[in-house]
Amino acid sequence: MALPVLLPYIQTEFDLSLSIVGLLVTLLWLGGAIGQLPGGILADRYQEGSILTLSVGLVALALIVVVLAPNTASLFLTVTLWGFATSLYPIARITILSETYPDRLGSALGLTMATGDLGQTLVPPIAGTLAAVFVWQAGIGFIVPLLVIGGIGTWIVVPRSVQTASSNETSSLNTARYVIEEMRRPIMVFVSFILVLFFFFWQAFTSFFPTYLVVEKGISTTMASLLFGAFFAAGAIVKPVAGMAYDRIGMRWALISVLLGPVAGLLLLPIVERLELIVIVTLAISTMLGNGAVTQSFVAEQFPAEIQGTGLGAVRTIAAVVGSTGPVLFGIVADRGFFDEGYVALAVLLLIVILLAYRMPNPDRG
């Protein structure tokens, strides 16, 4: 989430249009999408602690290369590699939590994702400030030593789960058929489509929100970074609550509850101008951050333990690949002067997700 804050600086330095910087973010998300399935397979076959540490280390290396990129082509390539490195982390994180907290996955995942929001609260304003004072590369480079510390901590702390013989066969053709059969169940088709829509919405919204505040609302880059950070600070509260709600009332109503506020906020965003109202609208939109604790807990629990990582990786890959088109398409809309209309369209997209969640079939097998 440092990248959206730095887009105005990157756009200026490389003389790019909004469509092209949108493509840059799309490549980041696309790289992150492509590796979800391999990450899931690795999570089923090897110790999660090793996979998590590998991902953190690769991200640190990728960010160093991004900072050193000499031209536009190399920047786009290295950002894609950055995205791919991040993709090894999410599935292994969920499978180790599922093993450790089998009866409270929603709560555990909500708390874990909330800690990510604490980082995303601090990183955007720090990145924006460093870019304003020094260069945009400083807004990414400062994260590298923190990742090194995090990688060492992950290696020490994350439990080393014992892999069973069956889990070491997850790359077989039979396992592929098994995953496909599970994904063809009506409930999985339904939820996968919901995830596709939400990934598209999420990536389009977050990629341009700081730029939107600067361009359309006349807010300084520093203030836009602070608002972006506040957006994630609220998520640190929303995600644990959403995870606990999932454990208690199930996916349907937990998901609908976290998406009603964002619909109202997105419809109001184009018409509010005063800073305090923009803050209120931003906080209303931030409840959407509870989505992940709900949907990803649900999807993980739909797959048997022996293929949980592979199945979750397959679903997330499909959703994230399609969703990664959001930034570039939204950038095209913004380039044509329809920034406000773009956010109204995203509100409509969330309404569709709410309706689908309400109509979701029962998850019973049979």
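My aim in this report is to walk through the structure given alongside it, one point at a time.

Criteria and thresholds
- Residues numbered from 1 in each chain as written.
- Predicted model: local features only at pLDDT ≥ 70, side-chain atom pairs only at ≥ 80, totals over all residues.
- Heavy atoms only, no water.
- Helix = DSSP H or I, 4+ residues; strand = E, 2+ residues; numbered from the N terminus.
- Contact = heavy atoms within 4.5 Å.
- Core = buried A, V, L, I, M, F, W, Y, C linked by side-chain atoms within 4.5 Å.
- Buried < 20%, exposed > 50% of the residue type's maximum accessible area, 1.4 Å probe, protein only.
- Axes fitted to C-alpha atoms, helices over the stretch in contact; angles between N-to-C directions.
- Parallel < 35°, antiparallel > 145°, perpendicular 65-115°, else oblique.
- Left-handed = near helix turned anticlockwise from the far one by under 90°.
- Nonpolar A, V, L, I, M, F, W, Y, C, P; charged D, E, K, R; others polar.
- Expected span 1.5 Å × (residues − 1).
- Phe/Tyr/Trp six-rings, centres within 6.5 Å; stacked < 30°, edge-to-face > 60°.
- Patch = residues over 30% accessible without salt bridge, like charges linked within 9 Å, V, L, I, M, F, W, Y side chains within 5 Å.
- Areas by Shrake-Rupley, 256 points an atom, 1.4 Å probe, with all protein chains shown as cover.
- Salt bridge = Lys/Arg side-chain N within 4 Å of Asp/Glu carboxyl O.

Right, let's talk about the environment of Y212 for a bit. By the element assignment, Y212 lies in helix α11 (residues 186–215). Residues Y212 and A334, 122 residues apart in the sequence, show an inter-C-alpha distance of 8.9 Å. Here Y212 is in contact with K217, L269, P270, F339, D340 and Y343, once residues within four sequence places are set aside.

One broad rule of soluble globular proteins: the nonpolar side chains tend to lie buried together. Membership of the largest hydrophobic core comes to 116 residues, with the highest contact counts inside it found for W82, F205 and Y343. Excluding residues within four positions of it along the chain, W82 makes contact with L3, L28, V59, A62, L63, V66 and I140.

Taken N-terminus to C-terminus, the directions of α11 and helix α13 (residues 251–268) make an angle of 30°; their axes are 14 Å apart at the nearest point. Classified by the angle between their axes, α11 and α13 sit roughly parallel to one another. Crossing geometry of α11 relative to α13 is assigned as left-handed. The segment α11 lies against α13, with V191, I194, F198, F201 and F205 engaging M251, L255, L259 and L266. Its residues assigned to classes, the contact of α11 with α13 comprises 9 nonpolar, no polar and no charged.

This part takes up helix α2 (residues 18–34). Since the α-helix packs 3.6 residues into each turn, any two residues three or four apart lie on the same face. Helix length check: α2, at 17 residues, gives a terminal C-alpha distance of 24 Å against a target of 24 Å (1.5 Å per residue), a fit within 8%. Burial runs high along α2: 12 of the 17 residues are buried. Turning to α2, its buried residues number three or more, namely L18, S19, V21, G22, L24, V25, T26, L27, L28, G31, G32 and A33.

Moving on: helix α4 (residues 48–67). For α4, spanning 20 residues, the distance from its first C-alpha to its last is 29 Å, which sits close to the expected 28 Å at 1.5 Å a residue. Taken together, the buried positions of α4 are occupied by E48, G49, I51, L52, T53, S55, V56, V59, A60, A62, L63 and V66. The elements touched by buried residues of α4 are α3 (36–45), α5 (72–86), α6 (89–100), α8 (138–141) and α9 (143–157).

So, on to the packing of aromatic side chains. Applying the stated criterion across every chain yields a total of 19 aromatic pairs. Centroid distance F198 to F201: 5.7 Å. Interplanar angle 50°. Geometry classified as tilted. A residue pair is termed a helical-turn pair when its members lie 3 or 4 positions apart in one helix, as F198 and F201 do in helix α11 at 3 residues. For F198, a relative accessible area of 6% gives the class buried. Exposure remark for F201: the relative accessible area of 0% places this residue in the buried category. When the centroid spacing of 6.2 Å and the interplanar angle of 85° are considered together, the rings of W202 and F232 count as edge-to-face. Here W202, found in helix α11, pairs with F232, found in helix α12 (residues 221–249); they are 30 residues apart in sequence, far enough to count as distant. Given a relative accessible area of 0%, F232 falls into the buried group.

Bringing the environment of L213 into the picture now. Secondary-structure assignment places L213 in helix α11. Owing to a relative accessible area of 0%, L213 belongs among the buried residues under this scheme. Each C-alpha atom, one on L213 and one on L30, is 25 Å from the other, the two residues being 183 residues apart in sequence. Apart from residues lying up to four places away in sequence, L213 is in contact with G218, I219, A224, L227 and I278.

Where nonpolar side chains cluster on the molecular surface, the patch consists of L54, L58, L61, I64, V65 and L68 and spans about 530 Å² of accessible area. For L54, the position within the fold is in helix α4. We classify L54 as partly exposed; its relative accessible area is 40%.

With respect to the element layout, S286 can be found in the loop between α14 (275–285) and α15 (291–302). Residue S286 is classed as buried on the basis of its relative accessible area of 1%. Sequence-distant contacts of S286, that is, excluding residues within four places in its chain, are made with F231, A234 and V238.

Now for the pattern of salt bridges. Inspection of the entire model under this criterion finds 2 salt bridges. Here K217 ties to E273 by a salt bridge, and the two come within 3.6 Å at their closest N and O atoms. Of this pair, K217 sits in the loop between α11 and α12 while E273 sits in the loop between α13 and α14; the two residues are 56 residues apart in sequence, bridging distant segments of the chain. The exposure class assigned to K217 is buried, which follows from its relative accessible area of 11%.

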